[in-house]
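Here's the letter readout for the chains.
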Amino acid sequence: MVDTLGDWARTHTCGGLRASDAGRDVLLLGWVHKVRDLGHLVFLDVRDRYGLTQVIADDEALRTRARQLRAEFVIGVKGRVRPRAPEAINRRLPTGEVEVQAAELRVLSEARVPPFVVADDVAASEELRLKYRYLDLRRPSLQANFGLRHRVTMAVRQYFDGAGFWEVETPVLAKSTPEGARDYLVPSRVHPGEFYALPQSPQILKQLLMVSGFDRYFQIVKCFRDEDLRADRQPEFTQIDVELSFATRELVFAAIEPLMQRIFEAAGLHVDVPFPRMTYADAIARYGSDKPDLRVGMAIADVSGVFAGSTFGVFRDAVAAGGAVRGLVVPGGGRASRRELDALTGEAKAAGAGGLAWVRQAGSAVQSPILNAAGEATLRAALEAAGAGEADLLLLASGAPDATSRALGRLRLSVADARGWLEPGAFAFTWVTDFPLLEWDSEERRWVAMHHPFTSPVEAHIDRLEEEPGKALAQAYDLVLNGSEIGGGSIRIHDTGLQRRMFSLLGISEEQARLRFGFFLEALEYGTPPHGGIALGLDRIVAILAGEPSIRDVIAFPKTAQAVDLMSSAPAPVDDRQLRELKLRIGD
């Protein structure tokens, strides 16, 4: 039988009682976590988002009522706090020194047997947990993630308020201005055949706020991209959007680094500033990635000079053809077995390297499968050039410079992960700067923006745009944390003429530019301050802080990798009447 709440009001949470509360009369409200029937006593663990308290029913009538309870019933308990016996203290619980002796119990809601146990060691599949997401969200670890997310968002707002930024909401129904990923389109009922788009970002709108003289803007904003998903992507996601007038790269960095300190403080952590910086070219060459994980060293070394005149033809010819020979030092790897070395060679090939040679020292001798072809002196020079010690292993690959580094970069992360060097509790930031402005799309046979078409080129490279577009660098920068890009931004184009030149380079005709961006180009003609900003991925940041491998565990109601909400069965068909109102028809 279900009771009413009546005039009962909670006095304490299920995580709030301590030894100092012994003797107090309390009223707890929460979910039954577990029932343990010892015959003469019935123990109840009562749970809410704050924690768990043990309740004991020793009165005959209460024992009878307690035996009718199951996990996930919602109950209220009146009783008195008493200390547990010394041998019964649970040191793993903050409330483990006390228990509540029940005097009255009310059942406020009954529960069906749940499809899985609501506990952090749940054995259910992710699909089942997403289908019953409202139950999954009762798990303490997930609730802790959302407590962390709340503290982070509060820290963001407090920081920006103190730094003179205004939070401004931009529209969710906007114009489709394709910027790379596919838009989610929303048909208009009152304008048949026309569509809104859900914003991929507020990029143009936040730039218009700078035109409007708002000076410093931020927003914690939902964005939408119709793209293939993975662990750090969702069709809808949240970003911390930032824009400043009269901005330089240094001004943006100076605004964001203290913000990251505040965010980490909200998680009880400390990070040092300023963050290190490296150019895009250095990141690719030394780590094989534009988002290098710096929790471990193992920078890739260029040893091309050692092999330029070598007797080993494979490496010599690669250098002569304009390629490179690059090396990765594995600390302590000199003791690797031949089986382990063969496995590394296989990984290198899978990562895109044409092959892999290894070199190590064994006492006073050098060992390598290319020893006879390359010669001991050359291999010793390679060990020295790469900074390898006596106990280390040097892995060598050759080919196109960037491709070789990327292959070794993937191998670097694989080796570091296998050896436990990528500690989840360690945090390594870096700014990556000076990205190429454009990259060539071989399928579409045209230049595309590496970031977005509103990114300003480096001033000294503006004259290269038409003659050598592939050599122009951008005033763009990414913030990288533990090998994940958590933010990307740039100094923007604020001159109408330069913006039109950029559109032309991207294959956007004057007519297309007018139709897609005419309002924006016109706005730039009314006095636009130099400006720039950044967008930070809130979901990614919180996932890293929480130690979660997927952002799904820090988003309340996420989608699957197929962009499906298993709980509500979205997306779903709509009825014919709605389609008729929108003047739409589903094709065969």
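Residues numbered from 1 in each chain as written. Predicted model: local features only at pLDDT ≥ 70, side-chain atom pairs only at ≥ 80, totals over all residues. Heavy atoms only, no water.

Caption draft 1: Structural context of the sheet that holds strand S16 (residues 393-399). Strand order in the open sheet made by the 5 strands is S12-S13-S16-S14-S15, with antiparallel pairing throughout. The sheet terminates laterally at strand S12 (301-302) and strand S15 (365-367), the two strands that pair on one side only. (Pairing = 2+ DSSP bridges. Helix = DSSP H or I, 4+ residues; strand = E, 2+ residues; numbered from the N terminus.)

Caption draft 2: Highlighting the pattern of salt bridges. Scanning all chains against the criterion turns up 36 salt bridges. Of the charged contacts in the structure, one is a salt bridge between Glu243 and Lys206, with a shortest N-O distance of 3.5 Å. Linking Glu243 in strand S10 (residues 236-245) with Lys206 in helix H5 (residues 203-211), this pair joins segments that are 37 residues apart in sequence. Each member of the pair, Glu243 as well as Lys206, is classed as buried. The shortest N-O distance in the salt bridge between Arg249 and Asp434 comes to 3.8 Å. With Arg249 in helix H6 (residues 249-266) and Asp434 in the loop between strand S17 (429-433) and strand S18 (438-441), the pair connects residues that are 185 residues apart, well separated along the chain. The class for Arg249 is partly exposed, based on a relative accessible area of 28%. (Salt bridge = Lys/Arg side-chain N within 4 Å of Asp/Glu carboxyl O. Buried < 20%, exposed > 50% of the residue type's maximum accessible area, 1.4 Å probe, protein only.)

Caption draft 3: Region of the structure containing a nonpolar patch on the surface. Residues Leu185, Phe195 and Leu584 make up a contiguous nonpolar surface patch of roughly 260 Å² in combined accessible area. Looking at where Phe195 falls in the secondary structure, it is placed in strand S8 (residues 195-198). A relative accessible area of 41% means that Phe195 is categorised as partly exposed. (Patch = residues over 30% accessible without salt bridge, like charges linked within 9 Å, V, L, I, M, F, W, Y side chains within 5 Å. Areas by Shrake-Rupley, 256 points an atom, 1.4 Å probe, with all protein chains shown as cover.)

Caption draft 4: Spotlight on unusual backbone geometry. Note the cis peptide between Val273 and Pro274, where omega equals 0°. Here Pro274 lies in the loop between H6 and strand S11 (277-279). Note the cis peptide between Ala570 and Pro571, where omega equals 5°. Residue placement: Pro571 occurs in the loop between helix H16 (538-546) and helix H17 (576-581). Phi at Asn482 takes a positive value of approximately 50°, unusual for a residue other than glycine. Here Asn482 shows up in the loop between strand S20 (476-481) and strand S21 (484-491). Given the relative accessible area of 13%, Asn482 is considered buried.

Caption draft 5: How the structure looks around the nonpolar core. If you look at the biggest cluster of nonpolar residues, it comprises 40 residues, and the most contacted ones within it are Ile256, Met260 and Ile263. The biggest single contributor to this core is H6, with 8 residues. Not counting residues up to four positions away in its chain, the partners in contact with Met260 are Val271, Phe275, Phe429, Leu479, Ile486, Leu536 and Ile541. Met278, Ala472, Phe517 and Leu521 belong to the second largest nonpolar core, which has 31 residues in total. (Core = buried A, V, L, I, M, F, W, Y, C linked by side-chain atoms within 4.5 Å. Contact = heavy atoms within 4.5 Å.)

Caption draft 6: Seen up close, the sheet that holds strand S22 (residues 531-537). Taken together, the 8 strands give an open sheet; going across it, the order is S6-S9-S10-S22-S21-S20-S17-S11, and neighbouring strands pair in mixed fashion. This sheet does not close on itself; its edge strands, each paired only once, are strand S6 (166-167) and S11. In this structure, S17 lies alongside S20, joined through 5 bridges in antiparallel fashion. Following the sheet pairing, Phe429 is matched in S20 by Leu481. Here helix H4 (residues 140-162) sits on the sheet and contacts S6, strand S9 (216-224) and S10; the angle it forms with S9, its principal contact strand, is near 150°. Relative to the sheet, H5 contacts S9, S10 and S22, its axis offset from that of S10 by approximately 25°. (Axes fitted to C-alpha atoms, helices over the stretch in contact; angles between N-to-C directions.)

Caption draft 7: Seen up close, the environment of Lys583. Among the structural elements, Lys583 can be located in the segment after H17. On the accessibility criterion, Lys583 (58% relative accessible area) is exposed. A C-alpha to C-alpha distance of 9.1 Å links Lys583 and Ser188, two positions 395 residues apart in sequence.

Caption draft 8: The arrangement of the packing of aromatic side chains in detail. Tallying each qualifying case throughout the model produces 19 aromatic pairs. Centroid distance Trp440 to Trp447: 5.3 Å. Interplanar angle 75°. Geometry classified as edge-to-face. Judged by relative accessible area, Trp440 falls into the partly exposed class, the value being 43%. Chaining the aromatic ring pairs together yields one cluster made of Tyr159, Phe160, Phe165 and Phe218. (Phe/Tyr/Trp six-rings, centres within 6.5 Å; stacked < 30°, edge-to-face > 60°.)

Caption draft 9: Fine view of the environment of Ala362. Its location among the elements puts Ala362 in strand S14 (residues 357-362). The class for Ala362 is partly exposed, based on a relative accessible area of 34%. It is 71 Å that separates the C-alpha atoms of Ala362 and Ala66, two residues lying 296 residues apart in sequence.

Caption draft 10: H4, seen in detail. With 23 residues, H4 ought to run about 33 Å at 1.5 Å a step, and its terminal C-alpha atoms sit 33 Å apart, in line with that. Structurally, H4 contributes buried residues whose contacts are with helix H3 (133-136), S9, S10, H6 and H16. Once H4 finishes, Gly164 follows within two positions and takes phi at roughly 85°, a positive value. (Expected span 1.5 Å × (residues − 1).)

Caption draft 11: Region of the structure containing helix H7 (residues 280-287). Taken residue by residue, H7 has Tyr280, Ala283, Ile284 and Tyr287 as its buried positions. The arc enclosing the buried residues of H7, seen along the axis, measures out at 110°, which places them on a common side. Looking at the buried residues of H7, the elements they touch are S11, helix H13 (401-418) and S17. Gly288 lies just past H7 and shows a positive phi near 70°. (Arc of directions from axis to C-beta.)

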